[in-house]
Amino acid sequence: MKHHNAAAVLPAALLQELQHYVQGGYLYVPTKGTAHRAWGEVSGSRQALDRRNEAIRAERRRGVSFDTLAQEYHLSVSAIRKIVYAK
C-alpha cells in the first residue's frame with residue numbers, strides 16, 4: 001500500500017474536513033468495489049504461495065513425510081498439514 005501526503009493530493013477544503021476526524025494519523029481509503037484486488041494479486045505473492053502449496057501437496061502424494069516437507073520448506077509440521085489438507 002502506497003502512502004500519500006493528504007496535503008499534496010486533496011483539495012484544501014476536503015483536507016480541512018478530514019482534519020475534523022483525523023489529525024496526524026493514518027487513514028485507509030479503500031478502492032472502489034470493482035477495483036479491489038485480493039491480497040498478493042498485484043505483487044504475485046498469492047500465485048507464488050499457490051505454486052509452493054501445490055508442490056507440497058504433490059510431494060506428499062508421492063509419499064514424502066510431513067517432517068521432511070517441514071524441513072525442506074522451512075515450515076512447521078502443523079503448517080504442512082494445513083496445506084496438505086486444505087483442498
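Before any of the text, the structure's been laid out above.
Residues numbered from 1 in each chain as written. Predicted model: local features only at pLDDT ≥ 70, side-chain atom pairs only at ≥ 80, totals over all residues. Heavy atoms only, no water.

## Details of the overall build of the protein
Stage number 1. The helix and strand tally for the protein stands at 5 helices and 0 strands.
Stage number 2. Listed N to C, the secondary structure of the protein is α-α-α-α-α in terms of helices and strands.
Stage number 3. Taking 12 Å as the expected radius of gyration for a compact globule of 87 residues, we find that the protein reaches 22 Å, considerably beyond that expectation.
Stage number 4. Sorting the 87 residues of the protein into buried and exposed places 16% on the buried side.
Stage number 5. Here the protein displays about 7,300 Å² of accessible surface, and carbon together with sulfur accounts for 55% of that area. (Helix = DSSP H or I, 4+ residues; strand = E, 2+ residues; numbered from the N terminus. Rg over C-alpha atoms; globule rule 2.2 N^0.38 Å. Buried < 20%, exposed > 50% of the residue type's maximum accessible area, 1.4 Å probe, protein only. Areas by Shrake-Rupley, 256 points an atom, 1.4 Å probe, with all protein chains shown as cover.)

## Here's the deal with helix H4 (residues 66-73)
Stage number 1. Taken together, the buried positions of H4 are Phe66, Leu69, Ala70 and Tyr73. The buried side chains of H4 occupy one side of the element, clustering within an arc of 100° when seen end-on.
Stage number 2. The secondary structure elements touched by the buried residues of H4 are helix H3 (45-61) and helix H5 (77-85).
Stage number 3. Immediately downstream of H4, the backbone of histidine 74 shows phi near 55°, a positive value. (Arc of directions from axis to C-beta. Contact = heavy atoms within 4.5 Å.)

## Quick notes on the side chain of asparagine 53
Stage number 1. Positionally, asparagine 53 belongs in helix H3.
Stage number 2. Overall, the relative accessible area of 12% leaves asparagine 53 in the buried class.

## Things to note about unusual backbone geometry
Stage number 1. A positive phi angle is found at histidine 74, which is not glycine, with a value near 55°.
Stage number 2. Inspection of the secondary structure assignment puts histidine 74 in the loop between H4 and H5.

## Examining the environment of lysine 32
Stage number 1. Along the chain, the position of lysine 32 falls in the loop between helix H2 (12-19) and H3.
Stage number 2. A sequence separation of 46 residues divides lysine 32 from serine 78, and the C-alpha atoms of the two residues are 37 Å apart.

## Comments concerning the packing of H3 against H5
Axes are the key here: two packed helices are described by the angle between their axes and the distance separating the axes.
Stage number 1. Their axes nearest at 9 Å, the elements H3 and H5 cross at an angle of 90°. If you check the angle between H3 and H5, you find them roughly perpendicular. On H5, the residues that touch Arg52, Asn53, Ile56, Arg57 and Arg60 of H3 are Ile80, Ile83 and Val84.
Stage number 2. In terms of residue class, the contact of H3 with H5 is made up of 4 nonpolar, 1 polar and 3 charged. (Axes fitted to C-alpha atoms, helices over the stretch in contact; angles between N-to-C directions. Parallel < 35°, antiparallel > 145°, perpendicular 65-115°, else oblique. Nonpolar A, V, L, I, M, F, W, Y, C, P; charged D, E, K, R; others polar.)

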